[in-house]
Amino acid sequence: MPRRASASPAPVPFDPAAARAVRSALGMSPAMVARVLADSYALPAPPALVIAWETGAAHPDERELTALARALWCLPGQLMGGRAESLRDYRLALDLPQEEVARRLRVPVRAYVRMELEWDGDRLQTIDLATILQLSPRALVQATGRAERLDEILRRAVDGRWQSQVEPLRILVPTLDEDWISYALKSLAGERATASALWGTTGPAAAETRQSSEEELSDRFWLLIG
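Small disclaimer: the values here were computed from a predicted structure and weren't measured.

A. How the structure looks around unusual backbone geometry. Positive phi values are uncommon outside glycine, yet Arg106 reaches one of about 65°. Tracing the backbone through its elements, the reader meets Arg106 in the loop between helix H6 (98-105) and helix H7 (109-117). Even without being a glycine, Gln134 presents a positive backbone phi close to 55°. Looking at the secondary structure, you find Gln134 in the loop between helix H8 (123-132) and helix H9 (137-143).

B. Main features of the environment of Ala139. Here Ala139 is to be found in helix H9. Given the relative accessible area of 10%, Ala139 is considered buried. Along the sequence, Ala139 and Leu87 sit 52 residues apart, while their C-alpha atoms lie 9.3 Å from each other.

C. Inspection of the nonpolar core at higher detail. Core analysis: the largest hydrophobic core is formed by 44 residues, its most contacted members being Leu37, Leu79, Leu129, Leu133 and Leu135. With five residues, the single largest contributor to this core is helix H4 (residues 62-71). Those residues in contact with Leu129 that sit more than four places away from it in its chain are Leu87, Leu105, Tyr112, Trp119, Leu135, Leu140 and Thr144. With 22 residues, the next largest nonpolar core counts Leu154, Trp162, Leu176 and Leu224 among its residues.

D. Local environment of the pattern of salt bridges. Scanning the model with the defined rule gives 15 salt bridges in all. The salt bridge involving Glu54 is made with Arg23; its shortest N-O contact spans 2.5 Å. With Glu54 in helix H3 (residues 47-55) and Arg23 in helix H1 (residues 16-26), this residue pair connects regions lying 31 residues apart in the sequence. Glu54 gets classed as buried once you look at its relative accessible area, which sits at 7%. As a salt-bridge pair, Arg91 and Glu116 come within 2.6 Å of each other at their nearest N and O atoms. Of the two residues, Arg91 is situated in helix H5 (residues 87-93) and Glu116 in helix H7; the sequence distance between them amounts to 25 residues. Judged by its relative accessible area of 5%, Arg91 falls in the buried class. For Glu116, a relative accessible area of 9% translates into the label buried.

E. Examining the packing of helix H10 (residues 147-159) against helix H14 (residues 217-225) more closely. Viewed as axis vectors pointing N to C, H10 and H14 meet at an angle of 85°, and their least axial separation amounts to 10 Å. Between H10 and H14, the crossing angle belongs to the class labelled roughly perpendicular. Counting all contacts with H10, which are made through Leu150, Asp151, Leu154, Arg155 and Val158, the residues of H14 involved are Leu217, Ser218, Phe221 and Trp222. Here the contact of H10 with H14 is composed, by residue class, of six nonpolar, one polar and two charged.

F. Geometry of the packing of aromatic side chains. Applying the stated criterion to the full structure yields two aromatic pairs. Aromatic side chains Trp180 and Tyr183 sit 5.8 Å apart centroid to centroid with 90° between the ring planes, which places their arrangement in the edge-to-face category. Of this pair, Trp180 and Tyr183 are both found in helix H12 (residues 178-199), three residues apart, which corresponds to roughly one turn of the helix. The class for Tyr183 is partly exposed, based on a relative accessible area of 43%. With a centroid separation of 5.0 Å and an interplanar angle of 65°, the aromatic rings of Phe221 and Trp222 are classed as edge-to-face. Accessibility expressed as a relative area gives 10% for Trp222, which makes it buried.

G. Region of interest: the side chain of Glu54. Engagement of the side chain of Glu54 in a polar contact is seen with the side chain of Arg23, the distance being 2.5 Å. Sequence-distant contacts of Glu54, that is, excluding residues within four places in its chain, are made with Pro16, Ala17, Ala19, Arg20 and Arg23.

H. Expanded view of the environment of Glu62. Along the polypeptide, Glu62 turns up in helix H4. The sequence separation of Glu62 and Pro76 amounts to 14 residues, and the corresponding C-alpha distance is 9.6 Å. Apart from the residues lying within four places of it in its own chain, the contact partners of Glu62 are Val12, Arg88, Arg91 and Leu92.

I. Representation of the confidence of the model for the chain in the model. Within the chain, residue pLDDT values average 90, and 88% of them lie at 70 or more. Note that pLDDT drops below 50 for residues 1-6; the model gives that stretch 16 contacts with residues more than four away or on any other chain. Note on residues 205-209: pLDDT under 50 across the span, and five contacts to partners over four residues away in sequence or across chains.

Rules used in this analysis
- Residues numbered from 1 in each chain as written.
- Predicted model: local features only at pLDDT ≥ 70, side-chain atom pairs only at ≥ 80, totals over all residues.
- Heavy atoms only, no water.
- Helix = DSSP H or I, 4+ residues; strand = E, 2+ residues; numbered from the N terminus.
- Buried < 20%, exposed > 50% of the residue type's maximum accessible area, 1.4 Å probe, protein only.
- Core = buried A, V, L, I, M, F, W, Y, C linked by side-chain atoms within 4.5 Å.
- Contact = heavy atoms within 4.5 Å.
- Salt bridge = Lys/Arg side-chain N within 4 Å of Asp/Glu carboxyl O.
- Axes fitted to C-alpha atoms, helices over the stretch in contact; angles between N-to-C directions.
- Parallel < 35°, antiparallel > 145°, perpendicular 65-115°, else oblique.
- Nonpolar A, V, L, I, M, F, W, Y, C, P; charged D, E, K, R; others polar.
- Phe/Tyr/Trp six-rings, centres within 6.5 Å; stacked < 30°, edge-to-face > 60°.
- Polar contact = N/O pair within 3.5 Å; in protein donor to acceptor, adjacent residues only side chain to side chain.
- pLDDT = per-residue confidence, 0-100.

Here is the structure:
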């Protein structure tokens, strides 16, 4: 199910240690960073705030993260510690304004703002989105709020005829090759059939094994996809 818009956006991902490491590698002091933020980006951030960011005592907002990354001559993604989850996060990681993404998708800015909160683009727009934001298939599923739908398709594939789920999965993740989808689903179904004897037994061990397998189904799928 697509992610619903919330009243207040989640904090932007930020890795204090990464920010400190980038600054140190440049040979800049917190005071120097603060001066660049004030002079070049009109952001009144005293050295104490820069230090607070680097120690985790404070958390930068979107504007502050973008300005900090520019002051440190890096992309915001380098300061996120690989924690991007939403479309907003991945867009910020590349220092792309919403207007630029909207232009590349050939949609009005207002439409993209809404789509970033709850993605409902068609197949071609989804493919373009993945290219623009440099999203892997797995990141695309997560960022567009399609993880639950993927889990549903995978369960159907291993519990029934996996062939019938190739097209739904190709629609859900249009950046995946159909042959790879078929390979992964066929492999999952085969693994489920092999383990069915154990799952058919009774007792706590069997129940625990089945629950664990259900929880790991999507992880196994992505591993097969490679």
